[in-house]
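Inside the fold
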Amino acid sequence: MTCQIVVMRHMESGVASLGHFDNFSCWQFGDSSPHKEGLQTMMDEIEFLSKDDLDKGHIQVSVFGGYVDK
């Protein structure tokens, strides 16, 4: 399976984060997964940079990719 691109954007502040996750089994390794840590880092950075607007909006998440070639 190909990589997944994750885009997160705080709808009020406009702060966005882009992540590249490369592994078909990225959601299967429990709490210590580097992929889960990467997602948490993306959210933490958006929250930090949106601190004045954090309570006024929400984070929109889009995921692209994950193509399986036979």
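Note that the structure is a prediction, hence the values are computed from the model and not measured.

**Some details on the nonpolar core**
Counting residues in hydrophobic clusters, the biggest one holds 7 residues: Val6, Met8, Val15, Phe21, Leu39, Met42 and Ile46. At the level of secondary structure, the elements contributing two or more residues to this core comprise β1 (4-10) and α1 (34-49). With 3 residues, the single largest contributor to this core is α1. Dropping the residues within four chain positions of it, valine 6 is found in contact with Ser17, Leu18, Gly19, Phe21, Leu39, Met42, Val61, Ser62 and Val63.

**Regarding α1**
Here α1 contains 16 residues, and its C-alpha end-to-end distance of 22 Å stays within 8% of the 22 Å for a straight helix at 1.5 Å per residue. Buried residues of α1: His35, Leu39, Met42 and Ile46, and no others. Here the buried residues of α1 occupy an arc of 55° about the axis, which is enough to place them on one side. Facing away from the buried side of α1 by more than 90 degrees, the exposed set consists of Pro34 and Phe48. Against the buried residues of α1 lie β1, β2 (16-21) and β3 (59-65).

**Concerning the side chain of histidine 10**
In this fold, histidine 10 is placed in strand β1. One polar contact links the side chain of histidine 10 to the main-chain amide nitrogen of serine 13, over a distance of 3.1 Å. Aside from chain neighbours lying at most four places away, what touches histidine 10 is Val15, Ile46, Ser50, Asp53, Leu54, Gly57, His58 and Ile59.

**So, the pattern of salt bridges**
In this structure the tally under the stated criterion is 1 salt bridge. Between lysine 56 and aspartate 53 there is a salt bridge, with its nearest N and O atoms 3.5 Å apart.

**So, the sheet that holds β2**
Where strands meet in a sheet, backbone hydrogen bonds hold them as pairs that are either parallel or antiparallel. As summarised here, the arrangement of the 3 strands in space is β2-β1-β3, forming an open sheet in which the pairing is antiparallel. Each edge of the sheet is formed by a strand with only one pairing partner; in this case those strands are β2 and β3. Along the sheet, successive strands turn relative to each other by an average axial angle of 15°, direction set aside. Pairing geometry for β1 and β2, over 6 bridges, is antiparallel. Looking across to β2, one finds that arginine 9 is bridged to alanine 16.

Cut-offs and rules
- Residues numbered from 1 in each chain as written.
- Predicted model: local features only at pLDDT ≥ 70, side-chain atom pairs only at ≥ 80, totals over all residues.
- Heavy atoms only, no water.
- Core = buried A, V, L, I, M, F, W, Y, C linked by side-chain atoms within 4.5 Å.
- Buried < 20%, exposed > 50% of the residue type's maximum accessible area, 1.4 Å probe, protein only.
- Helix = DSSP H or I, 4+ residues; strand = E, 2+ residues; numbered from the N terminus.
- Contact = heavy atoms within 4.5 Å.
- Expected span 1.5 Å × (residues − 1).
- Arc of directions from axis to C-beta.
- Polar contact = N/O pair within 3.5 Å; in protein donor to acceptor, adjacent residues only side chain to side chain.
- Salt bridge = Lys/Arg side-chain N within 4 Å of Asp/Glu carboxyl O.
- Pairing = 2+ DSSP bridges.
- Axes fitted to C-alpha atoms, helices over the stretch in contact; angles between N-to-C directions.

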